[in-house]
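# Understanding the architecture of this molecule
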Amino acid sequence: MAPGKLRKPQQKDKTLKRKRGQEELSSLVSRVEQLDIKESFKTFSDLPLSEPTASGLTASHYKTLTDIQSRAITHALKGRDILGAAKTGSGKTLAFLVPVLENLYRKKWTDYDGLGALILSPTRELAIQIFEVLRKVGRFHAFSAGLVIGGKSLREEQERLGRMNILVCTPGRMLQHLDQTALFDTFNLQMLVMDEADRILDMGFQRTVDAIIEHIPKERQTMLFSATQTRKVSDLARLSLQDPEYVAVHEAASSATPSTLQQHYVITPLPQKLDVLWSFIRSNLKTKTIVFMSAGKQVRFVYEAFRHLQPGVPLMHLHGRQKQGGRMDIMTKFAQAQEAVLFATDIAARGLDFPAVDWVIQLDCPEDSDTYIHRVGRTARYERDGRAVIFLEPSEEAGMLKRLEQKKVKVERINVKANKQQSIKDQLQNMCFKDPELKYLGQKAFIAYVKSIHLQKDKEVFKLKELPLDEFAGSMGLPGAPRIKFIKGDDTKDRKNAPRGLNHLSSDESSEDESGEKKQKKKDEQQVRTKYDRMFERRNQDVLAGHYSRLINDDGTVVGEKSATTDADEDDDFLSVKRRFEAGDKDLDVGSDEEEEEGGGEGKDVKVVNVDGRDDNPLVIDSKRREKLLQSKKKLLKFKGKGTKLVYDDEGNAHELYEMEDEKDFQARGAAKDQMAKFLAEEAERTQQADVQDKALAKQKKREKKEKRKARERELEAEEMGVETGGELPFVGPMEDLGGYSDDDRDQDVQEEKEKRPSKKRVQFAESESEEEEEPRPKKSKKSDKKVEPEKVQTLEDLEALASGLLG
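Description of the structure in this document. (Residues numbered from 1 in each chain as written. Predicted model: local features only at pLDDT ≥ 70, side-chain atom pairs only at ≥ 80, totals over all residues. Heavy atoms only, no water.)

## Overview of the overall build of the chain
Looking only at helices and strands, one finds 31 helices and 19 strands in the chain. Here the chain, with 808 residues, has 38% of them falling under the buried criterion. In the chain, the share of contacts with a sequence separation of at least 24, taken over all contacts with a separation of at least 6, comes to 71%. Total accessible area computed for the chain in this model is approximately 51,800 Å², and 48% of it derives from carbon and sulfur atoms. (Helix = DSSP H or I, 4+ residues; strand = E, 2+ residues; numbered from the N terminus. Buried < 20%, exposed > 50% of the residue type's maximum accessible area, 1.4 Å probe, protein only. Contact = heavy atoms within 4.5 Å. Areas by Shrake-Rupley, 256 points an atom, 1.4 Å probe, with all protein chains shown as cover.)

So, in structure tokens, the structure goes:
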């Protein structure tokens, strides 16, 4: 009785709790339905939110609503599609996380319902930041949430993915799971959110996003948020948005950037950028600064160079080539630091919330005005003060200022104080000379910068031919600008066809008109030259560090290695194997006497080599120079035949590369129905021929099988006949003394002979695999068996009779 009395109050409490939860849920649904969209709310407590969400916001110290939050959350709670646009640092993350939690809560979402909300982010760092905010705000909810980004183990994510209700992810890894993870389903998806939507929908992620959209249901709620929102009809059609609500809280503002942000620009020639940046860092040691550059290799070089120079402030660098763990550590250190400088690419330009950033320096011009807005948005967040400076090359000034003006971005020009500017050119030259690895990094950084300028679409801003690249290479400490093929541009063909004599005039061939230029050169040579000038006139001093020693000369030898013509006794060539074309007797066709006279002259053996068995283009060896050519793979290529490219189908069979036929060529060959009929007729004829061949092959196999079976039968019969003629009993002569050989011993010998003989029935069963009928084999009857068995010997007459019977 006692246990029963205890159970009743517990059951009553559960039922009361369930009823109370249902009543709260129904009242919450009714409050959301009665919500007035036009009304403006100032705090989260004014909104119809569930108890877990309200508790999570209070515990995370979120009380007042920003403009984008008050307008977007009310529409999102009603289940409408949203295009949200607001300035950087205006709280867009909570504007979509709160509706995600609330909508799933009102639908009583559980683990068994599968994935309910998908949040896409363009970078891993932003995805991690969104997930951390989601964990704080949704800590009192029962939903399961996951973070899916690159750089982590795919198998671990696959094991947990099927149980997730909310996923924060990057597009590439999400598509990988949709294609490869079997237990991952999105058929029940309710909400799709894209943070920094304009970046996700641009050409970089276009194919990936289109593939993700194909996997998820069309009937869903979609929300797009960004500081520079897209309103293209094509983008909205791709996402299947249904009558979206465009929420742009700062569209009527005088500037697209926060009002507390001070924006300036400095006209800085390209060779002076590193000097100005160093001078700025040395003048602002007690500040927190982010420096944006175009390429990751630039970030690496500037970080390593400035680290050796020791400016007196902690230096960090962030770019896409780092491992995920290292990127996370750098972000955490910079967020916690009070004074630091972070060199970064545009992966840190969007959405990342670093607290108390004082300065944003744009060392390289951004690709467009949207990128500028996102870069400067790392400072002056949540109505705090911030300052931003962009370094513009003189050729970039007019175009970039025009683009910023179109986006309502106002920047003021400032000048650098000459007395505070320091030059680090000599220090960089000294470091590059002493450290080949740093010199190699500088060369790669130079090439990466020039390529980034060359690939920019806006040619009004980025004018590659007007940049002083040689001086820029010198300012980085390099002895000369690395050669880049695409710089020549339209002049390539003219330079190639120009005579060499015009480019390289010797002193003897120079005309009298150039005497004035010679004098000027002599005057220049008499000027004072420093040790750095003489030092950097030397070329190729371990330029490419480690892998420079693996470069190959034109004749096939390794750089710095002695050629094959040197003496064989030298230690360097001892047991060194080199790939070369051996002109053996089997590959050579020795020419006639006339050919020898024409080709090599007196005392020379003329040989004709057919490379790869080609008779149409033989190689005539009539000199040492030609013989040396056999050692060079590169020069032998023109005597070899051109290979054919092979591709592999799904079954792993190789075939030649083919291309899809053009539609016009297809129509020129006739109507589609006629071509189809012709193709079917050809295929039918081909299958008939194949069928005839298959039948002939099957008959041949059948015949061979039958012959083998008959041969085995003949061998078995021959063996049996041999046993019968040999007799089953030992031979005993008529007058021979039997000795101790009794009847029992004879019976035992007969039994052993029978066991040694193979069983006819078992052999017949094992070999009878043919479908044809077999001839019945004669079986020995019991009578014949009785005849073979010997009668009991009692007298000498019986023994004689037995012996005569055995002898026939």
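Here the narrative resumes, following the displayed structure.
## What to know about a positive patch on the surface
A cluster of basic side chains, namely Arg625, Arg626, Lys628, Lys635 and Lys638, defines a positive patch on the protein surface. With three residues, the single largest contributor to the positive patch is helix H24 (residues 624–629). With respect to the helices, strands and loops of the structure, Lys635 is situated in helix H25 (residues 633–636). We classify Lys635 as partly exposed; its relative accessible area is 42%. (Patch = residues over 30% accessible without salt bridge, like charges linked within 9 Å, V, L, I, M, F, W, Y side chains within 5 Å. Salt bridge = Lys/Arg side-chain N within 4 Å of Asp/Glu carboxyl O. Lys, Arg positive; Asp, Glu negative; His and termini not counted. Charge placed at Lys NZ, Arg CZ, Asp CG, Glu CD.)

## Digging into the sheet that holds strand S8 (residues 261–267)
In any sheet, the strands associate via hydrogen bonds between backbone groups, in a parallel or an antiparallel arrangement. Read from one edge of the open sheet, seven strands run S10-S11-S9-S12-S13-S8-S14, paired in parallel fashion. Edge positions in the sheet fall to strand S10 (315–318) and strand S14 (412–413), since each has one partner strand and no second. Where strand S9 (residues 288–292) lies against strand S12 (residues 359–362), four bridges are found, and the strand directions are parallel. Residue pairing for S12: Thr289 is matched across the bridge by Trp359. Taken strand by strand, helix H14 (residues 369–376) contacts S8, S9, S12 and strand S13 (386–392), and its axis lies near 150° from that of S12. (Pairing = 2+ DSSP bridges. Axes fitted to C-alpha atoms, helices over the stretch in contact; angles between N-to-C directions.)

## Overview of the sheet that holds strand S4 (residues 166–169)
A sheet is described by the order of its strands in space; here seven strands give the open sequence S3-S4-S2-S5-S6-S1-S7, paired in parallel fashion. What marks the edges here is a single partner per strand, and that holds for strand S3 (145–148) and strand S7 (245–248). For this sheet, the mean inter-axis angle between neighbouring strands, taken without regard to orientation, is 15°. The pairing of strand S1 (residues 82–85) with S7 spans four bridges and is parallel. The residue of S7 that forms the bridge with Ala85 is Ala248. The strands that helix H4 (residues 92–106) touches are strand S2 (117–120), S4, strand S5 (191–195) and strand S6 (221–226); relative to S6, the one it contacts most, it runs at about 165°.

## Regarding the nonpolar core
Counting residues in each nonpolar core, the largest one holds 123 residues, and the members touching the most others are Phe44, Ile166, Met223, Leu277, Phe306, Phe343 and Phe446. Counting contributing residues, this core receives three or more from each of domain 1 (23–248) and domain 2 (261–437). In this structure Phe306 touches Leu274, Leu277, Trp278, Ile281, Pro311, Leu315, Phe343 and Ile424, once residues within four positions along its chain are discounted. Ranked by size, the runner-up nonpolar core spans 29 residues in total, among them Leu115, Leu161, Leu175 and Leu241. (Core = buried A, V, L, I, M, F, W, Y, C linked by side-chain atoms within 4.5 Å. Domains from an automatic or database assignment.)

## Looking at the pairing of S9
Of all five residues in S9, five are buried; the element is thus mostly enclosed. Burial along S9 is two-sided: the face carrying Lys288, Ile290 and Phe292 and the face carrying Thr289 and Val291 are both buried. Of the pairings in the sheet, the one linking S9 to strand S11 (residues 340–344) comprises five bridges and is parallel in character. Within S11, the residue paired with Val291 across the bridge is Phe343.

## Notes on the packing of helix H12 (residues 296–309) against helix H17 (residues 436–455)
The geometry of H12 relative to H17 is characterised by a closest axis approach of 8 Å and an angle of 145° between their N-to-C directions. The chirality of how H12 crosses H17 is left-handed. Seen from H12, the contacting residues are Lys297, Gln298, Arg300, Phe301, Glu304 and Ala305; seen from H17, they are Leu438, Leu441, Gly442, Lys444, Ala445, Ala448 and Tyr449. By residue class, the composition of the contact of H12 with H17 is seven nonpolar, two polar and four charged. (Left-handed = near helix turned anticlockwise from the far one by under 90°. Nonpolar A, V, L, I, M, F, W, Y, C, P; charged D, E, K, R; others polar.)

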